[in-house]
Amino acid sequence: MKIGASTSCFYPLLTEKALDKVIDLGFKSCEIFFNSSCELDDAFTTEMKKRADSEDVSILSVHPFSSFIENTCIFGEYERRYDDFIDLYKRQFHAAAVLGADIAVIHGALAVQKRDIPEELYFDRFAKLIEFGKAEGVRVCQENVVRFRSQSLDFLKRMRGVFGDDFNMVFDIKQAIRSGYDPFEIVEEMKDSIVHLHLSDNTSKCDCMPPGRGSFDFARLFKTMDSVGYSGGAVIEIYSKGYDVETELEFSKKYFDKLI
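The rules we used
Residues numbered from 1 in each chain as written. Predicted model: local features only at pLDDT ≥ 70, side-chain atom pairs only at ≥ 80, totals over all residues. Heavy atoms only, no water. Buried < 20%, exposed > 50% of the residue type's maximum accessible area, 1.4 Å probe, protein only. Helix = DSSP H or I, 4+ residues; strand = E, 2+ residues; numbered from the N terminus. Pairing = 2+ DSSP bridges. Axes fitted to C-alpha atoms, helices over the stretch in contact; angles between N-to-C directions. Parallel < 35°, antiparallel > 145°, perpendicular 65-115°, else oblique. Contact = heavy atoms within 4.5 Å. Nonpolar A, V, L, I, M, F, W, Y, C, P; charged D, E, K, R; others polar. Salt bridge = Lys/Arg side-chain N within 4 Å of Asp/Glu carboxyl O. Arc of directions from axis to C-beta. Polar contact = N/O pair within 3.5 Å; in protein donor to acceptor, adjacent residues only side chain to side chain.

Peer 1: Which residues make up the pairing of strand E4 (residues 103–106), and what are the values?
Peer 2: Burial of the side chains of E4 extends over both faces: Ile103 and Val105 are buried on one face and Ala104 and Ile106 on the other. Judged from the two bridges that link them, strand E3 (residues 58–63) and E4 form a sheet pairing that is parallel. Residue pairing in the sheet places Ser61 in a bridge with Ile103 of E4. Both E4 and strand E5 (residues 139–143) contribute to a ladder of four bridges, which runs parallel.

Below is the structure:
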């Protein structure tokens, strides 16, 4: 299994400089977290791709900077607003394709809203995202995220039932914990649908730590995914606030190099 790092670990460092940091630490795969619309331009993504290729680094996935507006602008009831913003997602899927990434990460709609939308509308909008992604050779994936509908395992199961083989999931350890689950409860149920992993460690007192600094059983996670022939990648996703990120990512890389 490829273990990489997300450029989001270095936020608010400029995205291209964050990629340089990931490369300089010796990771051979990464996730690009876009932070502005100008970063979706072909000139920008082409240069990012050249930089990654020059060091034989694979860009596995992209994370839209616009996750915070998905609730109202993509999954909301106001059709005209959806029409205004859907092109932004088409651009992000195209940017993923230019980078050579085949995964785009979606948060979706909030779990609690002033006006709850029907699941049928959510699934209809997500189906459109999937089709736009397919046009670029990109799999549009639902991530489990606290405070979003996808925090619920039952919701994820219903979504899988609707989409069948078109349902792809990004599994995030810290988000599972924040949603009140034992992460392995979600992994065991959804393992056949998981195509990408967001890795972090934890203890009983902290839900997001650099891998190797906590007590999470990564060996069990990798063994479980291997049991279903998992061929996807995994990226470390921790937050820069409170950590010397370069030092911690270097430590986590060595930890995984010994574990795998």
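From this point, things continue past the structure.
Peer 1: Describe the packing of helix H1 (residues 15–24) against helix H2 (residues 42–54), listing the residues and the values that go with them.
Peer 2: In a pair of packed helices, the angle between the axes and the distance between the axes together describe the arrangement. Packing of H1 against H2 brings their axes to within 11 Å, and their N-to-C directions diverge by 10°. As summarised for this structure, H1 and H2 are arranged roughly parallel, according to the angle between their axes. In contact with Thr15, Glu16, Leu19, Asp20, Ile23 and Asp24 of H1, H2 contributes Phe44, Met48, Arg51 and Ala52. Here the contact of H1 with H2 is built from residues that sort into five nonpolar, one polar and four charged.

Peer 1: Describe the sheet that holds strand E6 (residues 169–172), naming the residues involved and giving the relevant values.
Peer 2: The parallel closed barrel is built from eight strands, whose spatial order is E1-E2-E3-E4-E5-E6-E7-E8. Pairs of neighbouring strands in the sheet enclose a mean axial angle of 30°, with direction left out of account. Packing of helix H5 (residues 119–135) onto the sheet brings it into contact with E4 and E5, and relative to E5 it is tilted by some 140°.

Peer 1: Would you mind going over the pattern of salt bridges in detail, with residue names and values included?
Peer 2: When the charged atoms of two side chains with opposite charge come close together, those side chains can pair. Summed over the entire model, instances satisfying the criterion amount to 22 salt bridges. Among the ionic pairs, Glu248 bridges to Arg213, the shortest N-O distance being 2.8 Å. Of this pair, Glu248 sits in helix H10 (residues 245–259) while Arg213 sits in the loop between strand E7 (194–199) and helix H9 (218–226), and the two are 35 residues apart along the sequence. For Glu248, a relative accessible area of 14% translates into the label buried. In this structure Arg213 comes out as partly exposed when scored by relative accessible area, which is 38%.

Peer 1: Account for helix H6 (residues 153–163), with residues named and values stated.
Peer 2: Inspection of H6 places Leu153, Phe155, Leu156, Met159 and Phe163 among the buried residues, and these make up the whole buried set. Seen along its axis, H6 keeps its buried residues to an arc of 155°; they face one direction. Close packing links the buried residues of H6 with H5, E5, E6 and helix H8 (183–190). Of the residues flanking the start of H6, the one acting as N-cap is Ser152, its side-chain oxygen 3.3 Å from the backbone nitrogen of Asp154.

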